[in-house]
Amino acid sequence: MRVVIAEDLALLRDGMTRLLRDNGFDVVAAVGDGESLVREVVALKPDIAVVDIRLPPDFRDEGLRAALAIRREVPGTAVLVISQYVEQTYAQELLAERAGGVGYLLKDRVMHVTEFVDAVRRVADGGTALDPDVVSALFARRGVDGPLERLTPREREVLSLMAEGRSNAGIADSLVLTVGAVEKHVQSILSKLDLPQAPTDHRRVLAVLAYLQGA
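What this report covers is the structure whose coordinates are included nearby. Because the structure is predicted, anything quoted here is derived from the model rather than measured. (Residues numbered from 1 in each chain as written. Predicted model: local features only at pLDDT ≥ 70, side-chain atom pairs only at ≥ 80, totals over all residues. Heavy atoms only, no water.)

1. Remarks on the overall build of the protein
From N to C terminus, the protein includes ten helices and six strands. Taking 17 Å as the expected radius of gyration for a compact globule of 215 residues, we find that the protein reaches 17 Å, a close match to that expectation. In terms of its C-alpha atoms, the protein occupies a principal-axis envelope of roughly 45 × 30 × 30 Å. Out of the 215 residues in the protein, the part that is buried amounts to 50%. (Helix = DSSP H or I, 4+ residues; strand = E, 2+ residues; numbered from the N terminus. Rg over C-alpha atoms; globule rule 2.2 N^0.38 Å. Buried < 20%, exposed > 50% of the residue type's maximum accessible area, 1.4 Å probe, protein only.)

Next up, the structure:
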């Protein structure tokens, strides 16, 4: 998988480059600003861009703007944005197009090598990867009214893990349940949230993310 990284902190940029290369990724470019990111993605057409939300010159949302631009200019490019804090507005905007190959992780997650590498690979493959804190913030933003109040506490746990991009097997491992039990919870969640049944985990997660985004 070919990767472009956009991170203004040279130490973190170099660290992510080495980490991904050590795990079999081909980092074809590593830049420090949004304009360079768009230019390199257009020229190199990588599988995924790993992007800091806050980039020069103003360190506000330049990285997010660049990420959205490359999704428009090079359709199919997966984007994994990283941020120091949970920024709900940016998460909502990133999810607004409701397409696969998207993720939002906190920078602390980069230090968990296996989780970070798995997230990059999953997003590059067209899936999703939302940080647990981002999922919690999106749930909180939706409030307690509406379809979410129909869910049991266990179903909310399962839904959170679904939104992170976990498979049924991954959810079962995390919650110490059988895969069969998780499948029953998923069916119940989709029914209670009026979400369509889907034959693949990918479509199932996108349906949940669409709900969290505010559909």
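2. Overview of the packing of helix α3 (residues 62-73) against helix α4 (residues 88-95)
Two elements in contact, α3 and α4, have axes whose closest approach is 11 Å; the angle formed by their N-to-C orientations is 5°. Relative to α4, the element α3 lies roughly parallel. Listed contacts from α4 to Leu 64, Arg 65 and Leu 68 of α3 are Tyr 90, Glu 93 and Leu 94. Each residue belonging to the contact of α3 with α4 can be placed in one class, and the counts come to four nonpolar, no polar and two charged. (Axes fitted to C-alpha atoms, helices over the stretch in contact; angles between N-to-C directions. Parallel < 35°, antiparallel > 145°, perpendicular 65-115°, else oblique. Contact = heavy atoms within 4.5 Å. Nonpolar A, V, L, I, M, F, W, Y, C, P; charged D, E, K, R; others polar.)

3. Considering the layout of surface pockets
Computed from the structure, the largest pocket encloses a volume of approximately 240 Å³. Considering the residues around the largest pocket, the lining is formed by Leu 105, Arg 109, Glu 115, Asp 118, Ala 119, Arg 122, Ala 129, Leu 130, Asp 131, Pro 132, Glu 164 and Arg 166. Within the residue set of the lining of the largest pocket, elements represented by two or more residues are α5 (113-124) and β6 (128-130). The greatest single-element share of the lining of the largest pocket, amounting to four residues, is contributed by α5. (1 Å grid on protein atoms, 1.4 Å probe; cavity = no way out; pocket = protein on both sides within 12 Å on 5 of 7 lines; lining within 4 Å. Points joined across faces, edges and corners; volume = space filled by probe spheres on them.)

So yeah, pure geometry; function would need other evidence.
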